[in-house]
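The lines below spell out each chain.
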Amino acid sequence: MASYMDLKSRIDQGDVIVLDGAIGTELQAMGVPMDPASWCGPGNYTHPATVRQMHERYIKAGADIITTNTFNTLRPALEASGYSELVREVNVRAVDAAVDARARAAADRPVYIAGSISCRIPIRDRRTGTLLGGTGYGYGASLSTAELRAYAEEQANILAESGVDLFLIENLWADNESRAIAAEAAKATGLPVWVAFTASVAADGQAVRMSFGDDRDYSTGIGMPLWTESWRPVDDEKSLAEGINEIASVGPDVLGVFHSRIDETSAALQVMLDEWSGPVVVYPDAGREDYLATWQDRSLTNEATAHELTREALTWVEMGAQIIGTCCGFGHDYTRALRGALPSGTRSPRKAA
């Protein structure tokens with residue numbers, strides 16, 4: 001049975017570790033409909049066999065770590081989707097699917113399960129308390145610190161009890177407080193915590209900052225501004241370096257860059273390496289814009305080919321990243337390409353905390 005201590009030992013000795021790829025868009029491509037508020041989360045309840053098969057694809061493609069389909073299964077997102085009475089069930093089924101996939105597909109090879117926690121949640125109308133809208137324009141900052149902390153603790157405890165090996169905090173955009181809240185909730189379970197940042201290069205071409213939602217041209221769609229006076233304040237001009245140092249104080253085991261364009265990931269990775277002395281994970285996105293569509297448009301192609309991705313990934317390993325994967329839009333075929341192209345190890349491993 002794989003254990004996190006084995007994974008830590010591999011990282012400490014310099015092994016290059018392959019993380020899986022897109023979860024939501026892979027399920028979308030497999031025919032699981034996306035929900036406007038909780039995206040791929042309800043699939044754990046409505047399409048559990050497909051979720052399991054998705055994980056099996058990544059294991060067979062060579063992934064060392066698979067990520068639970070819990071990116072957007074915090075209570076408020078599921079509440080907005082009509083699953084408020086099934087929060088535990090949806091999250092438990094997500095872990096069960098990953099555990100079953102590992103048992104079926106991993107054979108004698110160790111595979112580790114990362115429990116994903118994120119803050120991509122709907123907007124709560126301050127007048128009525130109703131949750132409005134969906135993942136295309138919901139931000140953790142629409143909830144109070146206390147409310148978000150309670151939701152993060154609930155999910156972290158469910159995932160830990162269900163059997164994840166580590167946590168992957170995947171909070172998006174510039175709301176670093178929600179990133180810290182989720183990391184603290186995960187850390188309180190006693191399990192290892194990895195935290196990733198979405199980053200972009202500023203208009204001046206020099207500064208690297210934590211991305212803000214308008215970088216991706218998301219709009220409310222319901223006539224509400226993205227930010228209102230009732231929301232927690234968010235510094236959308238905060239640099240990535242500042243964000244890294246804030247999260248480092250929480251005591252994570254691994255930090256990294258995710259859901260960022262390939263051409264901006266290298267700049268963000270250099271900042272990460274300058275500010276953080278521990279192991280680094282990198283998993284960019286494919287630049288797709290149909291993440292939230294009910295069905296995936298198969299006529300749309302990714303910005304980067306598998307060859308282009310692996311070429312950049314080799315550079316990231318040379319720079320110092322040791323855990324490489326992908327996210328939105330990059331499916332299991334890209335994972336297979338990474339497995340075949342990446343070296344088995346690095347000469348200068350960064351020691352895990």
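Residues numbered from 1 in each chain as written. Predicted model: local features only at pLDDT ≥ 70, side-chain atom pairs only at ≥ 80, totals over all residues. Heavy atoms only, no water.

**Q** Is there a simple way to explain the packing of helix α4 (residues 48-61) against helix α12 (residues 332-341) in this structure?
**A** Between two packed helices, both the angle of their axes relative to each other and the distance between the axes serve to describe the pair. As a packed pair, α4 and α12 sit with axes 8 Å apart at the nearest point and diverge in direction by 20°. Judged by the angle between their axes, α4 and α12 are roughly parallel. Crossing of α4 over α12 shows right-handed handedness. Here α4 contributes R57, Y58, K60 and A61 to the contact with α12, which in turn contributes H332, T335, R336 and R339. Partitioning the contact of α4 with α12 into residue classes produces two nonpolar, two polar and four charged. (Axes fitted to C-alpha atoms, helices over the stretch in contact; angles between N-to-C directions. Helix = DSSP H or I, 4+ residues; strand = E, 2+ residues; numbered from the N terminus. Parallel < 35°, antiparallel > 145°, perpendicular 65-115°, else oblique. Left-handed = near helix turned anticlockwise from the far one by under 90°. Contact = heavy atoms within 4.5 Å. Nonpolar A, V, L, I, M, F, W, Y, C, P; charged D, E, K, R; others polar.)

**Q** So what exactly am I meant to see when it comes to helix α8 (residues 176-187) here?
**A** Side chains of residues three or four places apart in an α-helix project in the same direction, reflecting 3.6 residues per turn. The end-to-end C-alpha distance of α8 is 16 Å, a good match for the 16 Å that 12 residues give at a rise of 1.5 Å each. Extensive coverage of α8 is indicated by the burial of nine of its 12 residues. What α8 keeps buried is the set N176, S178, R179, A180, I181, A182, A183, A185 and A186. Here the buried face of α8 lies against β3 (112-117), α7 (145-162), β6 (166-169), β7 (193-197), β9 (208-210) and α9 (240-248). (Expected span 1.5 Å × (residues − 1). Buried < 20%, exposed > 50% of the residue type's maximum accessible area, 1.4 Å probe, protein only.)

**Q** Would you explain the sheet that holds strand β10 (residues 254-258) in this entry?
**A** Strands belonging to one sheet form pairs held by backbone hydrogen bonds; the direction of such a pair is parallel or antiparallel. What the eight strands build is an open sheet, ordered β1-β12-β11-β10-β7-β6-β3-β2; its pairing is parallel. Edge positions in the sheet fall to β1 (17-18) and β2 (65-67), since each of these pairs with one other strand and no more. Here four bridges tie β10 to strand β11 (residues 280-283), and the two strands are oriented parallel to one another. Along β11, the bridge assignment pairs L255 with V280. (Pairing = 2+ DSSP bridges.)

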